[in-house]
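The residues making up each chain are set out below.
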Amino acid sequence: MSECSCDCTSTECKSEGCSTGSCNVNPQDFLEKSHELNRIKKVIGVVSGKGGVGKSLVTSTLAVLMRRKGYKVGILDADITGPSIPKMFGVTKKAEGSELGIYPQRTHNNINVMSINLLLEKDDSPVIWRGPIISGTVKQFWTDVIWGDIDYLFLDMPPGTGDVPLTVFQSIPLSGIVIVTSPQDLVSLIVRKAYNMAKSMNIPVLGIVENMSWLKCPDCGKEIQLFGKSKIEEVASKLGVPVLGKMPIDPSIAELCDNGDIEKLNHSYLDCAVENIEKATMDKCPIKKKWSDQK
Ligand SMILES: Nc1ncnc2c1ncn2[C@@H]1O[C@H](COP(=O)(O)OP(=O)(O)OP(=O)(O)O)[C@@H](O)[C@H]1O
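Residues numbered from 1 in each chain as written. Predicted model: local features only at pLDDT ≥ 70, side-chain atom pairs only at ≥ 80, totals over all residues.

(A) Region of the structure containing the overall build of the protein chain. The helix and strand tally for the protein chain stands at 8 helices and 11 strands. Expressed as a percentage of the 295 residues in the protein chain, the buried residues total 41%. Considering only contacts within the protein chain whose residues lie at least 6 apart along the sequence, 74% involve residues at least 24 apart. (Helix = DSSP H or I, 4+ residues; strand = E, 2+ residues; numbered from the N terminus. Buried ≥ 20, exposed ≤ 12 C-beta atoms within 10 Å, placed from the backbone. Contact = placed C-beta atoms within 7 Å.)

Here you go:
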């Protein structure tokens, strides 16, 4: 195979012999059809360049806030080896199926949820599967699950830019992605990786959410920037994407997650993010309001 001399991030490229495999291929070619009983309007991927930055928490929060706005919402937990969505919502009942397909479980406020933990006999059974099986499972959550009518389906992606995110980007028609990050120096590189992956596959980046931005001292109320000064505005402006929101480390949020009570959240950190996602995906308007306009 000859070496490719083109810019492989260009989806317009028709060069032959591409060594990266991203040229000569239209990303749309791999799209899978969702179950025939599904009417899913928008699919939002929530990604992070590395693990443990609060991606599942951000996914759940966005879903809860969208649901409160009256939308029909689902969460597809694509984090097969580290599923945390059912636990955050206190969903313990297993998913059921019929000859038509698999039915997601419902949270207290009627958010549809599908996760590998709803199919495993025991919650603490590890998923020791090879990459292609994991990717195939995520695809099946799209093709075989009967989500029904959904306005916003949020995808909690596994961390990083590996096999599963690649499969999801290729096989599920995403309306856009939200990148979740934390305020460390490494972040700019990690955010850029996630951004470049989405860009190379023609998927809009709706914006960045910074989690663990600060911590409020419970005694004096002072805001402590535990991981140093945030550089997220700088990173976002270089990439030309908005900062959708910032969330502090808040023990009351951790408690809600641990108790399966995420639907009881009563903060407004991501209100603006939800508004912007709604606008960006509904009428294709450029995202106008910034997180800092929130107060
Ligand atoms: N801002 C926050 N305030 C308090 N606790 C938080 C915050 N962000 C995350 N946590 C805690 O950290 C836990 C792990 O977060 P989460 O599962 O969202 O991370 P993740 O990025 O999805 O992890 P992984 O990438 O490993 O799947 C949450 O259950 C919650 O208890």
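Moving on from the model shown.
(B) Region of the structure containing the site of the ligand. Around the ligand, 20 residues are found, and the nearest of them are Gly-51, Gly-54, Ser-56, Leu-57 and Ala-254. Looking at the shell around the ligand residue by residue, the class counts come to 9 nonpolar, 8 polar and 3 charged. (Near = placed C-beta within 6 Å. Nonpolar A, V, L, I, M, F, W, Y, C, P; charged D, E, K, R; others polar.)

(C) Highlighting the pairing of strand β2 (residues 73-77). Most of β2 is tucked away: 5 of the 5 residues are buried. Neither face of β2 is open: one carries Val-73, Ile-75 and Asp-77, the other Gly-74 and Leu-76, and all of them are buried.

(D) Structural detail: the confidence of the model for the protein chain. This prediction gives the protein chain a mean pLDDT of 84; 84% of its residues lie at or above 70. Per-residue pLDDT stays below 50 along residues 1-22; that stretch engages in 33 contacts with residues further than four places along the chain or on separate chains. Low pLDDT (under 50) marks residues 284-295, which in the prediction has 20 contacts with non-local residues, meaning those over four places away or in another chain. With a pTM of 0.86, the predicted complex shows an ipTM of 0.96. (pLDDT = per-residue confidence, 0-100.)

(E) Region of interest: helix α8 (residues 271-282). For α8, with 12 residues, the first-to-last C-alpha span of 16 Å sits near the 16 Å given by 1.5 Å per residue. On its buried side, α8 packs onto β1 (39-47), α1 (55-68), β8 (176-181), β9 (205-216) and β11 (243-249). (Expected span 1.5 Å × (residues − 1).)

(F) Looking closely at the packing of helix α3 (residues 131-143) against helix α4 (residues 163-171). Their axes nearest at 9 Å, the elements α3 and α4 cross at an angle of 35 degrees. Along this stretch, α3 crosses α4, giving a crossing that reads as right-handed. Taken together, the residues of α4 that come into contact with α3 (itself represented by Gly-131, Ile-134, Ser-135, Val-138, Lys-139 and Trp-142) are Asp-163, Val-164, Thr-167, Val-168 and Ser-171. Residues of the contact of α3 with α4, tallied by class, amount to 5 nonpolar, 4 polar and 2 charged. (Axes fitted to C-alpha atoms, helices over the stretch in contact; angles between N-to-C directions. Left-handed = near helix turned anticlockwise from the far one by under 90°.)

(G) Fine view of unusual backbone geometry. Look at Asn-110: it is not a glycine, yet its phi comes out positive at around 65 degrees. Looking at the secondary structure, you find Asn-110 in the loop between β5 (105-106) and β6 (112-114). If you check the backbone angles, Asn-202 has positive phi at about 65 degrees while not being a glycine. Taking the C-beta count within 10 Å as the criterion, Asn-202 has 15 such neighbours and is therefore assigned partly exposed.

(H) Local environment of the UniProt feature "binding site: ATP" (unreviewed entry) in the protein chain. Per the UniProt annotation, the sites labelled "binding site: ATP" (unreviewed entry) are Gly-49, Lys-50, Gly-51, Gly-52, Val-53, Gly-54, Lys-55 and Ser-56. Mapped onto the elements, Gly-51 comes out in the loop between β1 and α1. Gly-51 sits in the exposed class, given 11 other C-beta atoms within 10 Å. As for its position among the elements, Ser-56 is in helix α1. Once residues within four sequence positions are removed from consideration, Ser-56 is found in contact with Asp-79, Ser-84, Ile-85, Met-88 and Asp-156. (UniProt positions renumbered as here; feature names shortened; annotations may be inferred.)

(I) Examining helix α5 (residues 187-200) more closely. The end-to-end C-alpha separation of α5 is 20 Å, in line with the 20 Å expected for 14 residues at 1.5 Å each. All of the buried residues in α5 are Val-187, Ile-190, Val-191, Ala-194, Tyr-195, Met-197 and Ala-198. When α5 is viewed along its axis, its buried side chains cluster within an angular range of 160 degrees and face the same direction. In the core, the buried residues of α5 are packed alongside β1, α4, β8, β9 and α6 (232-239). Two residues or fewer past α5, Asn-202 is found with a positive phi of approximately 65 degrees. (Arc of directions from axis to C-beta.)

(J) Up close: the nonpolar core. Formed by 78 residues in total, the largest nonpolar core has its most connected members in Leu-62, Leu-155 and Ile-179. Excluding anything up to four places from it in sequence, Leu-62 contacts Phe-154, Leu-270, Ala-273, Val-274 and Ile-277. (Core = buried A, V, L, I, M, F, W, Y, C linked by C-beta atoms within 7 Å.)

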